[in-house]
Amino acid sequence: MQSIKRKTLHFIDFIVLAIIFFGYPTYLAVQIYFLPSPQVQASTNVQSFTDQHNISTIILELFLLLIAGIYLYFRRFDFRTFNFSIHKKTILQVLLLIIVGAVAADIGTYGYYYFDYYMFPIQPVKVSPMPLLFSSNLFQHISFFLVIFSFLNGFFEELFFMGIVFAVNDKHKIYAIVGSLFVRFIFHIYQGIAPAVGIMMMGLVFIFIRRKVKSLVPFMLAHAFFDIFGVTLYSWIYTLLM
């Protein structure tokens, strides 16, 4: 007799999968953040990664996806719960997510910078709230492996944040959502507190939109776009006009 597959996950499944997906990346992110060398922190945004970094991350994420898939298989989870449909509104949904996600990230990032800069002026080392430019040109950093990494990473992260999190049973879903925001923040901390806050704000907007957009594809494509060009509307405009 064929066992019935489960369409929902327990909160413990969320915790286990969060560790599988982001345990090692979070360990690295926290380690990088607390390293004393500012050169290390300054070189850890996605756009500064070399092809070797991107290839290594691709291999790591494929391995972690395999482990997560095996876990879900033995938990008898119905993978058809994840909606990967594409329809005529998909492109518009991607554009919406890019715009509102970037605006939310800017509010979080620059809001934190200005708060820290003006509320704590006695600190000996300050970071001026100037535009966070990823490069002097929006396209010069793009490489084949960056594009491959970005699409895989968009799938990898949003499968968890917009797929697995929303598959948690209704009783514990709110805890999974709150926990996912913390996870999204903490494993981006290698970029600095302000960018991590911005990315968490982007994730919060994604959560609200997820209630209306059932397919995971728009979230994955928007995330891939952010991995290539950065999560910011202000810096795109600033860079193009300067």
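An account of the accompanying structure is given in this report. (Residues numbered from 1 in each chain as written. Predicted model: local features only at pLDDT ≥ 70, side-chain atom pairs only at ≥ 80, totals over all residues. Heavy atoms only, no water.)

1. Examining the packing of aromatic side chains
The line we're drawing: Whether two aromatic rings pair depends on their centres lying within 6.5 Å, for rings of Phe, Tyr and Trp, where Trp uses its six-membered ring; planes under 30 degrees apart make the pair stacked, over 60 edge-to-face, and the rest tilted. In this description a helix means any DSSP run of H or I spanning at least four residues, a strand means any run of E spanning at least two, and both kinds are numbered starting from the N terminus. Relative accessibility under 20% of the residue-type maximum defines a buried residue, over 50% an exposed one, and the middle range a partly exposed one, all with a 1.4 Å probe and only protein chains included.
Inspection of the entire model under this criterion finds 23 aromatic pairs. Judged by centre distance (6.4 Å) and plane angle (75°), the rings of Phe11 and Tyr175 are edge-to-face. Here Phe11, found in helix 1 (residues 11-33), pairs with Tyr175, found in helix 6 (residues 173-186); they are 164 residues apart in sequence, far enough to count as distant. Owing to a relative accessible area of 27%, Phe11 belongs among the partly exposed residues under this scheme. Here the aromatic rings of Phe22 and Phe156 are separated by 5.8 Å at their centres, their planes lie at 80°, and the arrangement is edge-to-face. Of this pair, Phe22 sits in helix 1 while Phe156 sits in helix 5 (residues 144-167), and the two are 134 residues apart along the sequence. Judged on exposure class, the residue Phe22 and its partner Phe156 are both buried. Put simply, the rings of Phe11, Phe14, Phe21, Phe22, Phe156, Phe160, Phe161, Tyr175 and Phe187 touch in pairs and so form one group of aromatic residues.

2. Some points on the pattern of salt bridges
Two side chains carrying opposite charge are able to pair once their charged atoms lie near each other. Selection criterion: One speaks of a salt bridge when a side-chain nitrogen belonging to Lys or Arg is within 4 Å of a carboxyl oxygen belonging to Asp or Glu.
In the structure shown here, the tally under the stated rule is six salt bridges. Close ionic contact of Asp13 with Arg6 constitutes a salt bridge, the shortest N to O distance being 3.6 Å. Considered together, Asp13 and Arg6 belong to a single accessibility category, that of buried residues. Between Lys173 and Asp170 there is a salt bridge; the shortest N-O distance is 3.4 Å. Residues joined by salt bridges that share partners form a network here, namely Arg6, Asp13 and Arg75.

3. Considerations on the packing of helix 6 against helix 7 (residues 193-210)
As a reminder, the rule being used: Interaxial angle, 0 to 180 degrees, is taken between N-to-C directions of lines fitted to C-alpha atoms, where a helix line uses only the stretch in contact. Two helices cross in a left-handed way if the nearer one is turned anticlockwise from the farther one by less than a right angle. They cross in a right-handed way if the turn is clockwise. Note on definitions: a residue-residue contact is assigned when non-hydrogen atoms from the two residues lie within 4.5 Å.
The contact between helix 6 and helix 7 brings their axes to 8 Å, and the two run at 145°. For the element pair helix 6 and helix 7, the recorded crossing hand is right-handed. When helix 6 is examined against helix 7, the residues Ile177, Ser180, Leu181, Arg184 and Phe185 are found in contact with a partner set consisting of Ile193, Ala196, Val197, Ile199, Met200, Met202, Gly203, Leu204 and Ile207.

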